[in-house]
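# Notes for the structure review
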Amino acid sequence: MIDQEIKDWLDGVDVLVTGMSAKNPSYELALTRQAKEIKIPVLWFSDTHLIFNRPTFTQSGIWPDSVTVLDQLEAALAHQVGYPRAVVVGSPLWEKIPSMRCDVELVRKTLGVREQDYEKLFMVVLGKDSNNNLRIIRDLSNAVSRNLEYYRAFWLRFHPGDPHHPSKDPGFYERYKYYKGYSDFKLGETEALVLACDLVIGSHSGANVAAIFHRKPSLDYLPDYVMERLRKLINTDCWPPADSGASLKVTKAEDLGTAIDFALSDFGREYIRSFQERFYPIPEPNQAVKKIETELKYLAQTC
């Protein structure tokens with residue numbers, strides 16, 4: 001049965017395009033189902049690695065007419081899991097990353113980095129799972145205290161979807177305020193931090209991808225408790241930035257200190273950069289949008 005409100009909203013639409021939400025995709029699925037009932041073609045937009053493989057979508061029994069993917073490997077997987085059509089478009093978000101700029105010196109000065117003491121700035125990108133965030137911060141703290149010989153500044157970047165984000169629950173992360181990083185930085189936010197830091201540390205984060213395209217050292221910390229959540233999100237143990245070597249993959253807390261030192265060394269930076277250049281060539285601007293536009297025209301004419 002068609003929901004009248006959604007039917008009215010779809011009135012006059014030639015092609016429906018939806019995202020693929022991680023938390024609650026019920027709206028996208030309801031729109032897709034009802035659009036297809038009234039013969040409107042549907043395109044699902046998968047904006048980064050393996051989003052199209054989220055079980056909430058692939059196990060819903062609802063399929064779009066087409067889904068966007070990043071490359072031919074993703075296209076093959078998309079067909080394998082049941083999508084009737086997968087179109088390789090790349091990512092319009094990634095195309096914007098290489099052109100991002102900021103005043104690196106100003107950002108580092110604002111953050112209080114002591115250049116005269118050879119201080120290094122880490123951008124630590126946290127996710128939506130507050131308890132996992134605490135474990136990641138603990139593991140990094142232990143790695144620094146045990147293995148690193150000189151002081152480094154942390155900047156913790158909290159996810160806006162974290163239910164205990166400091167702006168909502170100031171006390172949850174209170175014990176970690178001795179780190180320089182907290183979430184009141186305003187000079188360009190995440191993009192500026194990526195450009196200004198010496199190393200991006202994340203766990204399947206978009207900031208790691210940004211670091212890759214800027215050819216900055218990147219580290220993906222993927223212990224078992226992070227991988228458990230990743231499997232729930234995208235139904236696989238694969239995380240291409242880390243598995244390709246473009247972001248240094250670390251799975252055990254006891255290896256973090258050594259890995260950080262390696263990533264910051266001259267050899268380590270060049271080693272990681274070699275994989276970044278091989279697997280993540282700088283994309284041409286505006287190509288993804290053109291490919292999406294072509295796919296929309298195709299769906300409007302053929303479905």
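Notes on the structure in this doc start here.

### Quick look at the pattern of salt bridges
Evaluated as defined, the whole model comprises 10 salt bridges. Among the salt bridges present, the one from E295 reaches R85, with a minimum N-O distance of 2.7 Å. One end of the pair, E295, is in helix α14 (residues 287-302); the other, R85, is in the loop between α4 (72-81) and β4 (86-88), with 210 residues separating them in the sequence. Taking the relative accessible area as the measure of exposure, E295 reaches 3% and is therefore buried. Owing to a relative accessible area of 29%, R85 belongs among the partly exposed residues under this scheme. Between R108 and D198 there is a salt bridge, with the nearest N and O atoms lying 3.1 Å from each other. Residue R108 is located in helix α6 (residues 104-110), and its partner D198 is located in the loop between α8 (189-196) and β7 (199-202); the two are separated by 90 residues in the primary sequence.

### So, the packing of helix α12 (residues 256-264) against helix α13 (residues 266-279)
Two packed helices can be described by the angle between their axes and the distance between those axes. Where α12 meets α13, the axes come as close as 4 Å, and the angle between the chain directions of the two elements is 85°. It follows that α12 is roughly perpendicular to α13 by the angle criterion. Residues F262, A263 and L264 of α12 form the contact with α13, whose participating residues are D266, F267, G268, R269, Y271 and I272. Tallied by class, the residues present in the contact of α12 with α13 amount to six nonpolar, one polar and two charged.

### Examining the nonpolar core
Among the nonpolar cores identified, the biggest contains 57 residues, and V67 and L219 are the most heavily contacted of them. Among the elements that take part in this core, helix α10 (residues 224-234) stands out by supplying six residues, more than any other. If we skip the residues at most four places from it in the chain, L219 touches L199, V200, I201, G202, N208, S247, L248, V250, L256, A259 and I260. Grouped together as the second largest cluster of nonpolar side chains are 25 residues, L111, A207, V209 and F213 included.

### So, the packing of aromatic side chains
Within the structure shown, the criterion is met by 13 aromatic pairs. Ring centres of F52 and Y83 lie 6.1 Å apart, and the angle between their planes is 75°; this geometry places the pair in the edge-to-face category. Residue F52 is located in the loop between β2 (42-44) and α3 (55-58), and its partner Y83 is located in the loop between α4 and β4; the two are separated by 31 residues in the primary sequence. An identical accessibility class is assigned to F52 and Y83; each is buried.

### Side note on the environment of T110
Within the element layout of this structure, T110 appears in helix α6. The exposure class assigned to T110 is partly exposed, which follows from its relative accessible area of 46%.

### A look at α4
Residues of α4 that are buried: E74, A75 and A78. The arc that holds every buried residue of α4, seen down its axis, measures 105°, which confines them to one face. Set apart from the buried face of α4 by more than 90 degrees, the exposed residues are Q72, L73 and Q80. Close packing links the buried residues of α4 with β3 (66-69) and β4. Capping the start of α4, D71 holds a side-chain oxygen 3.2 Å from the backbone nitrogen of L73, two or three residues further along. At the C-terminal side of α4, G82 shows a positive phi close to 130°.

### What about the layout of surface pockets?
Roughly 1000 Å³ of volume is contained in the largest pocket. Secondary structure elements with two or more residues in the lining of the largest pocket: α5 (92-96), α7 (130-147), α8, α9 (206-213) and α10. Top element by residues in the lining of the largest pocket is α10. It accounts for five residues. When grouped by side-chain class, the residues that make up the lining of the largest pocket number 20 nonpolar, 11 polar and eight charged. Looking at the second largest pocket, its volume works out to about 720 Å³. Around the second largest pocket sit 28 residues that line it, and L70, D71, W94, F279 and Y280 are the ones nearest its centre. Where the lining of the second largest pocket is concerned, the elements lending two or more residues are α4, α5, α11 (240-243) and α14.

Rules behind the numbers
- Residues numbered from 1 in each chain as written.
- Predicted model: local features only at pLDDT ≥ 70, side-chain atom pairs only at ≥ 80, totals over all residues.
- Heavy atoms only, no water.
- Salt bridge = Lys/Arg side-chain N within 4 Å of Asp/Glu carboxyl O.
- Helix = DSSP H or I, 4+ residues; strand = E, 2+ residues; numbered from the N terminus.
- Buried < 20%, exposed > 50% of the residue type's maximum accessible area, 1.4 Å probe, protein only.
- Axes fitted to C-alpha atoms, helices over the stretch in contact; angles between N-to-C directions.
- Parallel < 35°, antiparallel > 145°, perpendicular 65-115°, else oblique.
- Contact = heavy atoms within 4.5 Å.
- Nonpolar A, V, L, I, M, F, W, Y, C, P; charged D, E, K, R; others polar.
- Core = buried A, V, L, I, M, F, W, Y, C linked by side-chain atoms within 4.5 Å.
- Phe/Tyr/Trp six-rings, centres within 6.5 Å; stacked < 30°, edge-to-face > 60°.
- Arc of directions from axis to C-beta.
- Polar contact = N/O pair within 3.5 Å; in protein donor to acceptor, adjacent residues only side chain to side chain.
- 1 Å grid on protein atoms, 1.4 Å probe; cavity = no way out; pocket = protein on both sides within 12 Å on 5 of 7 lines; lining within 4 Å.
- Points joined across faces, edges and corners; volume = space filled by probe spheres on them.

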